[in-house]
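Chain residues, written in single-letter form:
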Amino acid sequence: MALSGAMKTELTQHLRDLHLPTIRECYMEQADKARKEDLAHERYLLELARRESEVRRANRIARLLRESRLPLEKNLETFDCKRLPARVHQQVEVLLEGAFLDQHENVLAFGNPGSGKTHLLCAIGQELIVRHGRRVYFTPCNLLVQELLIAKRDLKLARVLKRLAGHDAIIIDDIGYVQQNREEMEVLFALLADRYERGSVILTSNLPFSKWESIFKDPMTTAAAIDRLVHHSVILELNLTSYRLEASKKGKESKN
Ligand code: ADP
Ligand code: MG
């Protein structure tokens with residue numbers, strides 16, 4: 001027997017109170033289907049639960065992608081993995097499984113400008129969200145530093161660090177690309193110290209460690225920063241020629 005009008009109204013209200021919008025939208029249509037196909041009550045319930053969960057998961061992933069500030073066009077589909085050295089290729093496969101986040105391991109990508117560091121790490125970040133529902137936050141290093149400086153000035157540094165701590169991974173793009181003064185370096189160091197063994201840092205740099213004193217200014221702080229980052233880490237060496245340079249060369253060759 002189908003529901004009376006009053007019962008429908010009551011059910012709709014319950015589903016609203018219980019925050020089950022998908023079931024609210026589809027329960028009648030699914031009930032018709034279940035009657036036609038003579039499905040058991042449990043099968044009907046299963047179908048409703050499945051739909052609610054699916055929509056919820058998709059909404060969560062969409063929200064995580066939005067909040068990550070990742071450039072979504074830099075993904076695995078648009079990345080030519082065949083350019084990667086075999087070793088890096090293997091490392092990437094492991095990273096995509098996402099277990100390194102549970103160990104609070106860091107990922108440090110080095111290589112010349114144009115070698116694909118930013119693209120590769122963004123693609124990994126996106127997969128960690130889509131495949132594993134992890135919380136990832138992408139930021140260019142200089143923007144992050146400015147954000148932290150403003151927070152420090154407003155006496156909100158602790159609060160901002162706490163918000164960042166809610167992410168499984170922070171992708172810091174291009175550390176050392178812009179020369180920083182001492183105050184800027186200090187907030188960056190504060191962040192790295194805060195995340196040490198508490199959450200993954202994923203970063204890219206054109207500078208090898210040997211040149212990191214230009215980032216952290218004095219030898220002690222530089223050693224302390226490198227030590228914390230490297231302690232539990234995967235290092236990706238992308239010693240490749242620039243993708244852009246190669247693409248422009250290929251373009252010219254095909255024109256000739
Ligand atoms: P880096 O961060 O090392 O300077 P980028 O990731 O910014 O390099 O790459 C430079 C440009 O080349 C970007 O437009 C990027 O999308 C592209 N690119 C680099 N490597 C690849 C690749 N393996 N497959 C596809 N595009 C790539
Ligand atoms: Mg880059």
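Predicted, not measured: the structure shown is a model, and the values here were computed from it.

### Concerning the environment of leucine 11
- With respect to the helices and strands, leucine 11 occurs in helix α1 (residues 5-17).
- Overall, the relative accessible area of 26% leaves leucine 11 in the partly exposed class.
- Sequence separation between leucine 11 and phenylalanine 110 is 99 residues, and the spatial gap between their C-alpha atoms is 57 Å.
- Residues within four places of leucine 11 in sequence aside, it is in contact with Leu3 and Tyr27.

### Focus: the site of ligand 1
- In the vicinity of ligand 1, 14 residues are found, and the nearest of them are Asp80, Gly114, Lys117, Thr118 and His119.
- Measuring from an oxygen atom of ligand 1, one finds a backbone N or O atom of serine 115 at 3.2 Å.
- A distance of 2.6 Å separates an oxygen atom of ligand 1 from a polar side-chain atom of histidine 119.
- Relative to its free-state accessible area of 550 Å², ligand 1 is covered by the protein chains to the extent of 86%.

### Re the pairing of strand β5 (residues 233-238)
- Going residue by residue along β5, you find Val234, Leu236 and Leu238 tucked away on one face and Ser233, Ile235 and Glu237 left uncovered on the opposite face.
- The pairing of strand β1 (residues 106-111) with β5 spans 6 bridges and is classified as parallel. When the bridges of β5 are listed, leucine 108 appears paired with isoleucine 235.

### As for the sheet that holds strand β4 (residues 200-205)
- Strand order across the open sheet formed by 5 strands is β2-β3-β4-β1-β5, with parallel pairing between neighbours. For this open sheet the edge positions go to β2 (136-140) and β5, each flanked by a neighbour on one side alone. The sheet shows a mean angle of 15 degrees between the axes of neighbouring strands, direction not considered.
- Those strands touched by helix α4 (residues 86-96) are β1 and β5, and its axis lies near 140 degrees from that of β5.

### Considering the pairing of β1
- With 6 of 6 residues buried, β1 lies mostly within the body of the structure.
- Here β1 shows two buried faces, one formed by Asn106, Leu108 and Phe110 and the other by Val107, Ala109 and Gly111.
- In this sheet, β4 lies alongside β1 in parallel orientation, the contact comprising 4 bridges. Note that in β4 the partner of leucine 108 across the bridge is leucine 203.

Definitions and cut-offs
- Residues numbered from 1 in each chain as written.
- Chains lettered and ligands numbered in written order.
- Predicted model: local features only at pLDDT ≥ 70, side-chain atom pairs only at ≥ 80, totals over all residues.
- Heavy atoms only, no water.
- Helix = DSSP H or I, 4+ residues; strand = E, 2+ residues; numbered from the N terminus.
- Buried < 20%, exposed > 50% of the residue type's maximum accessible area, 1.4 Å probe, protein only.
- Contact = heavy atoms within 4.5 Å.
- Near = heavy atom within 4 Å.
- Polar contact = N/O pair within 3.5 Å; in protein donor to acceptor, adjacent residues only side chain to side chain.
- Areas by Shrake-Rupley, 256 points an atom, 1.4 Å probe, with all protein chains shown as cover.
- Pairing = 2+ DSSP bridges.
- Axes fitted to C-alpha atoms, helices over the stretch in contact; angles between N-to-C directions.

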